[in-house]
Amino acid sequence: IGFAEHDGAVSVTPHYGADGPGANATALSLTNAAGHGFFEQTTNFFDTLTGNRIFLYTDPTSGIALGKVGTGTALNAGSANDNGAVAFAVGIDGSGDLSFVQYRALKDNPSTTNDPNDTVTLQTGGANGTNAVYVTAISTDADGNQAATTTGLVIRVADDGPTTPAGATLAVDEHNLASGDITD
């Protein structure tokens with residue numbers, strides 16, 4: 001459905017001290033607030049087609065955060081589904097470039113009528129959600145000492161509902177209609 005990339009979305013300026021940077025100076029990963037990968041993390045996003053809540057997982061191979069469709073349509077309920085359809089994916093590379101790929105239509109609250117041109121911010125589930133995705137940076141100096149920091153990442157999905165330009169001309173193509181008694 002959509003793809004967005006933000007070059008340099010995250011920048012880190014580590015201070016290595018006298019040892020200087022190590023071979024792999026700084027590694028970036030998408031995590032929860034505690035700096036851990038995602039597993040069945042509740043979000044405020046729902047799948048538009050099914051109405052079911054979406055949960056965050058971390059792909060163990062790529063480190064990409066995946067939003068998977070779970071079960072349950074209520075605002076404060078629902079169950080994760082490890083094999084659910086992937087609704088979106090969020091990734092970050094070592095340069096701090098952030099990518100978001102949307103595979104399914106999203107909505108933020110099944111009990112409200114969403115504006116067709118609204119913006120939804122990814123948060124943890126529940127009535128008073130907080131930031132769902134964080135970036136954890138681990139910096140390593142030349143003799144192997146490490147320092148880590150975790151900071152919130154704001155991810156917004158903008159809905160761009162359909163529009164019809166003012167004064168648009170609409171036409172019906174009837175050339176493929178079956179022959180017979182058709183009246184205008």
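Overview of the structure. (Residues numbered from 1 in each chain as written. Predicted model: local features only at pLDDT ≥ 70, side-chain atom pairs only at ≥ 80, totals over all residues. Heavy atoms only, no water.)

1. Re the overall build of the chain
In step 1: Counting its secondary structure elements, the chain contains 0 helices and 12 strands.
In step 2: Helices and strands in the chain line up, N terminus first, as β-β-β-β-β-β-β-β-β-β-β-β.
In step 3: The buried share among the 184 residues of the chain stands at 32%.
In step 4: Within the chain, contacts between residues separated by at least 24 positions form 55% of all contacts whose residues are at least 6 apart in sequence.
In step 5: Carbon and sulfur atoms provide 49% of the accessible area of the chain, an area that totals close to 11,000 Å². (Helix = DSSP H or I, 4+ residues; strand = E, 2+ residues; numbered from the N terminus. Buried < 20%, exposed > 50% of the residue type's maximum accessible area, 1.4 Å probe, protein only. Contact = heavy atoms within 4.5 Å. Areas by Shrake-Rupley, 256 points an atom, 1.4 Å probe, with all protein chains shown as cover.)

2. Here we look at the packing of aromatic side chains
Think of a pair of aromatic rings as described by two things: how far the centres are apart, and how the planes are tilted against each other in angle.
In step 1: Taken as a whole, this structure holds 3 aromatic pairs when the rule is applied.
In step 2: Aromatic pair phenylalanine 39 and tyrosine 57: ring centres 5.7 Å apart, planes at 90°, arrangement edge-to-face. With phenylalanine 39 in strand E3 (residues 39–47) and tyrosine 57 in strand E4 (residues 53–58), the pair connects residues that are 18 residues apart, well separated along the chain.
In step 3: Exposure remark for tyrosine 57: the relative accessible area of 5% places this residue in the buried category.
In step 4: Summarising the aromatic geometry, the rings of phenylalanine 88 and phenylalanine 100 are spaced 5.4 Å apart at their centres and angled 20° between planes, so their arrangement reads as stacked. Here phenylalanine 100 lies in strand E7 (residues 98–102) and phenylalanine 88 lies in strand E6 (residues 86–92), a separation of 12 residues in the sequence.
In step 5: Here the aromatic residues Phe45, Phe88 and Phe100 are joined through ring pairs into a cluster of three or more.
In step 6: The side chain of lysine 68 reaches across the aromatic face of tyrosine 57, ending 4.9 Å from its centre. (Phe/Tyr/Trp six-rings, centres within 6.5 Å; stacked < 30°, edge-to-face > 60°. Lys NZ or Arg CZ within 6 Å of the ring centre and 35° of its normal.)

3. Quick word on the pairing of E4
In step 1: The element E4 is largely enclosed, with a buried count of 5 among its 6 residues.
In step 2: Both E3 and E4 contribute to a ladder of 4 bridges, which runs antiparallel. Across the sheet, phenylalanine 39 pairs through a bridge with tyrosine 57, a residue of E4.
In step 3: The turn joining E3 and E4, which pair antiparallel and follow one another in sequence, is formed by 5 residues; a positive phi near 80° is taken by glycine 51.
In step 4: As paired strands, E4 and strand E5 (residues 65–69) are joined by 5 bridges and run antiparallel to one another. Note on E5: the bridge partner recorded for leucine 56 is glycine 67.
In step 5: Linking two consecutive strands that pair antiparallel, namely E4 and E5, is a turn of 6 residues; a positive phi of about 80° is found at glycine 63 within it. (Pairing = 2+ DSSP bridges.)

Any functional reading would require information beyond the geometric quantities listed.
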